[in-house]
Amino acid sequence: MNWFLQALQKYATFSGRARRSEYWYFFLMYLLIFVLLAIVDGITGSFSAKSGVGLLSGVFALAMLLPSLAVGVRRLHDIGRSGWWLLIAFVPLIGGIVLLLFAVKVGTPGDNEYGAVPELEAA
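Residues numbered from 1 in each chain as written. Predicted model: local features only at pLDDT ≥ 70, side-chain atom pairs only at ≥ 80, totals over all residues. Heavy atoms only, no water.

Student: For this particular structure, what's the right way to read the overall build of the chain?
Tutor: The helix and strand inventory of the chain stands at 5 helices and 2 strands. Reading the chain from its N terminus to its C terminus gives the helix and strand order α-α-β-β-α-α-α. Over its C-alpha atoms, taken along the principal directions, the chain stretches across nearly 50 × 35 × 20 Å. Relative to its 123 residues, the chain shows a buried fraction of 30%. Counted over contacts in the chain with a minimum sequence separation of 6, partners at least 24 positions apart contribute 68%. Entry remark: accessible area of the chain is about 7600 Å², with carbon and sulfur atoms responsible for 72%. (Helix = DSSP H or I, 4+ residues; strand = E, 2+ residues; numbered from the N terminus. Buried < 20%, exposed > 50% of the residue type's maximum accessible area, 1.4 Å probe, protein only. Contact = heavy atoms within 4.5 Å. Areas by Shrake-Rupley, 256 points an atom, 1.4 Å probe, with all protein chains shown as cover.)

Student: Would you explain the nonpolar core in this entry?
Tutor: A general trend in soluble globular proteins is that nonpolar side chains are found buried together. With 11 residues, the main nonpolar core is built from Phe4, Ala7, Ala18, Tyr23, Phe26, Met29, Tyr30, Phe60, Met64, Val71 and Ala103. Elements represented by at least two residues in this core include exactly helix H1 (2–9) and helix H2 (20–44). The next biggest cluster of nonpolar side chains, apart from the first, holds 6 residues, and it includes Ile79, Ile88, Val98 and Leu99. (Core = buried A, V, L, I, M, F, W, Y, C linked by side-chain atoms within 4.5 Å.)

Student: Please explain the packing of H2 against helix H5 (residues 94–104) as it appears in this structure.
Tutor: In helix packing, the relevant descriptors are the interaxial angle and the interaxial distance, both defined with respect to the helix axes. Closest axis-to-axis distance for the H2/H5 pair is 9 Å, and the angle between their directions is 125°. Comparing the axis directions of H2 and H5 gives the class oblique. Along its contact with H2, which presents Arg20, Tyr23 and Trp24, the element H5 presents Leu100, Ala103 and Val104. Class assignment of the residues belonging to the contact of H2 with H5 gives a composition of 5 nonpolar, no polar and 1 charged. (Axes fitted to C-alpha atoms, helices over the stretch in contact; angles between N-to-C directions. Parallel < 35°, antiparallel > 145°, perpendicular 65-115°, else oblique. Nonpolar A, V, L, I, M, F, W, Y, C, P; charged D, E, K, R; others polar.)

Structure (structure tokens):
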């Protein structure tokens, strides 16, 4: 939970680097919260089949858009790539695979053009 909160504290910080653990724990907590809110949407009837999204899960996804982009950019910075590589996600199938490979790649061991190695903080 600390990694998720740490990413939220850097809400719109696109500079610097993010370790794999920060990125993946953020992604895991995001997914768990989204699924729980989607279940609540289904139970309360606030899910719209027409739009394919529920009220609570939709508001949550919208609120988390900027932090998700920011942690993704910082993760790319950790492996020495520009944040513009996130745009490859718009290439069907291939883009998602490339981003997944980038997300699991070990970060550069020393300082790089995007900053120093992130401090190791306990999760």
